[in-house]
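Chain by chain, the residues run as shown.
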Amino acid sequence: MAMDSLEMALSLRGKKEFEKSNQLLMDLAKQNPGDAVIQYQCAWSLDILGLEVKAVSHYEAALKLGLPEEDAKGAYLGLGSTYRTIGEYEKSRRTFESGLAKFPEDKALLVFRAMAFYNLGQHDLAMESLLKIIAETSNDREIQSYAKAIEFYSDKLDTVFT
């Protein structure tokens, strides 16, 4: 029953019927408080509707209950991003770092953590992170020709070489 309803809610989301999908997911979350996937999908649906503050408790529950790997990555990103958008910058950074402890190669978590660094006034860490990601992942020919230099200077932006 819950799985049929979950599939229906996700189908509605896919059809951009966000309100209907959310209502179904909210009902499912109330009926199945111990189901991590339902809690995660409910949080996601609240985020889509711009109800970030309400999404927090569902993301937290989903992560605490334990999610499959791909959902866990999405939940760390969603919760960290949600904290950032509601001004909880330190919680945002900690959430991204918890996600990165489990998924150290996840570039999206690194990029979103850089945004939290920015909001915390840690502009050096934000730039360093973003420059390293650009050097590592860009397919742009010109950037790749300077990738080693970009990575070298990523943590030396305030250094004057004389």
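Heads up: these notes are all about the structure in this document. (Residues numbered from 1 in each chain as written. Predicted model: local features only at pLDDT ≥ 70, side-chain atom pairs only at ≥ 80, totals over all residues. Heavy atoms only, no water.)

## Points about the pattern of salt bridges
Piece 1. Taken as a whole and judged by the stated rule, the model has eleven salt bridges.
Piece 2. Across the pair Lys107 and Glu105 runs a salt bridge, and its minimum N-O distance is 3.9 Å.
Piece 3. For Lys107, a relative accessible area of 23% corresponds to the partly exposed category.
Piece 4. Judged by relative accessible area, which is 60%, Glu105 ranks as exposed.
Piece 5. One continuous salt-bridge network, built from bridges that share partners, spans Glu90, Arg93, Arg94, Glu97 and Arg113. (Salt bridge = Lys/Arg side-chain N within 4 Å of Asp/Glu carboxyl O. Buried < 20%, exposed > 50% of the residue type's maximum accessible area, 1.4 Å probe, protein only.)

## Let's talk about unusual backbone geometry
Piece 1. At Lys16, a residue that is not glycine, the phi angle is positive and equals roughly 65°.
Piece 2. Mapping Lys16 onto the fold places it in the loop between α1 (2–14) and α2 (18–31).
Piece 3. For Lys16, a relative accessible area of 64% gives the class exposed. (Helix = DSSP H or I, 4+ residues; strand = E, 2+ residues; numbered from the N terminus.)

## Describing helix α6 (residues 89–102)
Piece 1. Under the 1.5 Å per step criterion, the end-to-end length of α6 is 20 Å for 14 residues, consistent within 8% with the ideal 20 Å.
Piece 2. Turning to α6, its buried residues number three or more, namely Ser92, Arg93, Thr95, Phe96, Gly99 and Leu100. With its buried residues spanning 165° around the axis, α6 presents them on a single face. Structural note: α6 exposes Ala101 and Lys102 on the side pointing more than 90 degrees away from its buried face.
Piece 3. The elements touched by buried residues of α6 are α5 (69–85) and α7 (107–119). (Expected span 1.5 Å × (residues − 1). Arc of directions from axis to C-beta. Contact = heavy atoms within 4.5 Å.)

## Overview of the nonpolar core
Piece 1. By size, the foremost hydrophobic cluster in this structure holds 29 residues, and its most contacted members are Tyr59 and Leu67.
Piece 2. If you tally residues by element for this core, the top one is helix α3 (residues 36–48), at six residues.
Piece 3. What Leu67 contacts, discounting residues up to four positions off in sequence, is Ala36, Val37, Tyr40, Ala62, Ala72 and Ala75. (Core = buried A, V, L, I, M, F, W, Y, C linked by side-chain atoms within 4.5 Å.)

## Section: the environment of Ile48
Piece 1. Here Ile48 lies in helix α3.
Piece 2. Take Ile48: its relative accessible area is 34%, and that puts it in the partly exposed class.
Piece 3. Apart from the residues lying within four places of it in its own chain, the contact partners of Ile48 are Arg13 and Phe18.

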